[in-house]
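# A structural walkthrough
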Amino acid sequence: AQTVTQSQPEMSVQEAETVTLSCTYDTSENNYYLFWYKQPPSRQMILVIRQEAYKQQNATENRFSVNFQKAAKSFSLKISDSQLGDTAMYFCAFMKPGQGAQKLVFGQGTRLTINP
Amino acid sequence: DTGVSQNPRHKITKRGQNVTFRCDPISEHNRLYWYRQTLGQGPEFLTYFQNEAQLEKSRLLSDRFSAERPKGSFSTLEIQRTEQGDSAMYLCASSYYRDRNYGYTFGSGTRLTVV
């Protein structure tokens, strides 16, 4: 079974700073997807960024980028020029694609606070 | 289409009562998922539908839990004889089987409190 671990329960930075959230995972699969999801307070979970395991290039989405280290099974999220609206719970998640349920396995989450 | 809709947003019930939650997915999405999220934890998979067929259930889904998706549209999750340990946020998500990006759309969840 796959497991996802986020070792930072909480983080806090000043607006405009750069912050990196850590995630490690364990799997014996070779083909999989990794995701970062954002869950603002009392609001729905939204996708921030995804990475396909067979792609060596790290995914980027505007101010969000990942550092994907497949051999180390590490998948960190970097938020540049952080904004107050980035305040949220962030979840790292693993998915094995294929014909089955394609369910997400989530980490415990990191509560990120951006201070003005 | 306004996304995935879940009702009610909040439910407080007494221990031993039955509760039912509803999820309306995005209309063209044929895959529907239920997850449970307890305080301070990440969501955990409960069950999955493709169209009207329930194809996978987690061991977390005890026999007090039942989910349906009649006609492959909305879904309901019922919990019978609720226990305090059932208190959690219940999340619904939907996706389209041909989406090779495997993108989920989540609803805002139903927060259940069992007193």
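It should be noted that the structure appears before, not after, this text.
Since this is a predicted model, take the numbers as computed values, not measurements.

Further remarks concern the pairing of strand E3 (residues 19-24) of chain B. Residues and elements named next belong to chain B. On E3, burial follows the alternation: Val19, Phe21 and Cys23 on one face are buried, whereas Thr20, Arg22 and Asp24 on the facing-out side are not. Across three bridges, the pairing between strand E1 (residues 5-7) and E3 is antiparallel. The residue of E3 that forms the bridge with Ser5 is Asp24. The sheet contact formed by E3 and strand E8 (residues 75-79) spans five bridges and is antiparallel. Bridge pairing in E8 places Phe21 opposite Leu77.

A word on the state of the cysteines. Counted by the stated rule, this structure contains two disulfides over all chains. Cys23(A) shares a disulfide with Cys92(A); S-S distance 2.0 Å. Here the disulfide of Cys23(A) and Cys92(A) is left-handed, its torsion about the S-S bond being about -70°. Placement of the pair is Cys23(A) in the loop between strand E3 (19-21) and strand E4 (24-26) and Cys92(A) in strand E10 (residues 88-95), with a sequence separation of 69 residues. Classification of Cys23(A) by relative accessible area gives buried; the value is 2%. With a relative accessible area of 0%, Cys92(A) lands in the buried category. What pairs with Cys23(B) in a disulfide is Cys92(B), and their sulfur atoms sit 1.9 Å apart. Judged by the torsion about the S-S bond (-70°), the Cys23(B)/Cys92(B) disulfide is left-handed.

The rules we used
- Residues numbered from 1 in each chain as written.
- Chains lettered and ligands numbered in written order.
- Predicted model: local features only at pLDDT ≥ 70, side-chain atom pairs only at ≥ 80, totals over all residues.
- Heavy atoms only, no water.
- Buried < 20%, exposed > 50% of the residue type's maximum accessible area, 1.4 Å probe, protein only.
- Helix = DSSP H or I, 4+ residues; strand = E, 2+ residues; numbered from the N terminus.
- Pairing = 2+ DSSP bridges.
- Disulfide = S-S within 2.5 Å.

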